[in-house]
Amino acid sequence: MTREWHRIGLLTDIPRRGARCVTSPFGRIAVFRTADDEIFATEDRCPHRGGPLSQGIVHDASVTCPLHNAVIELATGFMQGPEGGRVRVFATRVDPLTRVIELSLAEAAGVPEAAE
Ligand code: FES
């Protein structure tokens, strides 16, 4: 099955070390931009008690939840520390010419990525 990509805006629409939210059938998705212009997307819901990760502090390739300071790895969705937990992670890509960010919901639905 082919992965379906959705255009969600330009790289420059998100400040470095910031985030924006998009709505989806799976709820709000937080799209993060790191200082190195990497883009990650996760559920906008902390695995601890549901804090809005899009309002957290982005550092390296992680975000610190604004409610109780849990650190979530953006590439995997895993929460660091003994409590564990994980948020759903969505695939993203950025067109190198247009700088348009695209998001895929395929991982959230449990559909494996097709070989290209
Ligand atoms: S809700 Fe995120 S650390 Fe508690």
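Residues numbered from 1 in each chain as written. Predicted model: local features only at pLDDT ≥ 70, side-chain atom pairs only at ≥ 80, totals over all residues.

Another point: the overall build of the protein. The number of helices and strands found in the protein is zero helices and nine strands. Helices (α) and strands (β) of the protein occur, in sequence order from the N terminus, as β-β-β-β-β-β-β-β-β. When the backbone C-alpha atoms are referred to their principal axes, the protein occupies close to 40 × 30 × 20 Å. (Helix = DSSP H or I, 4+ residues; strand = E, 2+ residues; numbered from the N terminus.)

On to the sheet that holds strand E8 (residues 89-94). The sheet built from six strands is open, its strands ordered E1-E9-E8-E4-E3-E2 with antiparallel pairing. Only two strands of the sheet have a single neighbouring strand rather than two, namely strand E1 (5-10) and strand E2 (18-24). Between one strand axis and the next, the sheet turns by 30 degrees as a mean value, whatever way the strands run. In this sheet, E8 lies alongside strand E4 (residues 39-43) in antiparallel orientation, the contact comprising two bridges. Opposite Ala-41, over in E8, you have Phe-90 as the bridge partner. (Pairing = 2+ DSSP bridges. Axes fitted to C-alpha atoms, helices over the stretch in contact; angles between N-to-C directions.)

Here three strands make up an open sheet; going across it, the order is E5-E6-E7 and the pairing antiparallel. Whereas interior strands pair on both sides, the edge strands pair on one side only; in this sheet they are strand E5 (57-59) and strand E7 (71-73). Here the average twist between neighbouring strands, direction ignored, is 25 degrees. Here strand E6 (residues 62-64) pairs with E7 via three bridges, running antiparallel.

Bringing the environment of Gln-55 into the picture now. Tracing the backbone shows Gln-55 in the loop between E4 and E5. Considering only alpha carbons, one finds Gln-55 and Ala-30, 25 residues apart in sequence, at a separation of 9.0 Å.

A word on the UniProt feature "domain: Rieske" (unreviewed entry) in the protein. In the numbering used here, UniProt assigns the "domain: Rieske" (unreviewed entry) feature to residues 5-101. Strand forms 43% of residues 5-101 and helix 0%; the C-alpha atoms that close the span are 9 Å apart. (UniProt positions renumbered as here; feature names shortened; annotations may be inferred.)

Let us look at the pairing of strand E9 (residues 100-104). A one-sided burial pattern is seen for E9, the buried positions being Ile-101 and Leu-103 and the unburied ones Val-100, Glu-102 and Ser-104. Where E1 meets E9, five bridges bridge the pair, whose relative direction is antiparallel. Counterpart to Arg-7 in the pairing with E9 is Glu-102. Note that E8 and E9 share four bridges and pair antiparallel. Paired with Ala-91 across the two strands is Ser-104, which belongs to E9. Between the end of E8 and the start of E9, which pair antiparallel, lie five residues, with Arg-99 showing a positive phi angle near 65 degrees. (Buried ≥ 20, exposed ≤ 12 C-beta atoms within 10 Å, placed from the backbone.)

Among the secondary structure elements, Ile-72 is positioned in strand E7. Between the alpha carbons of Ile-72 and Arg-16 there is a distance of 17 Å; along the sequence they are 56 residues apart. When residues no more than four places from it in sequence are discounted, the contact partners of Ile-72 are Thr-42, Leu-53, Ser-62, Val-63, Cys-65, Gly-77, Met-79 and Val-87. (Contact = placed C-beta atoms within 7 Å.)

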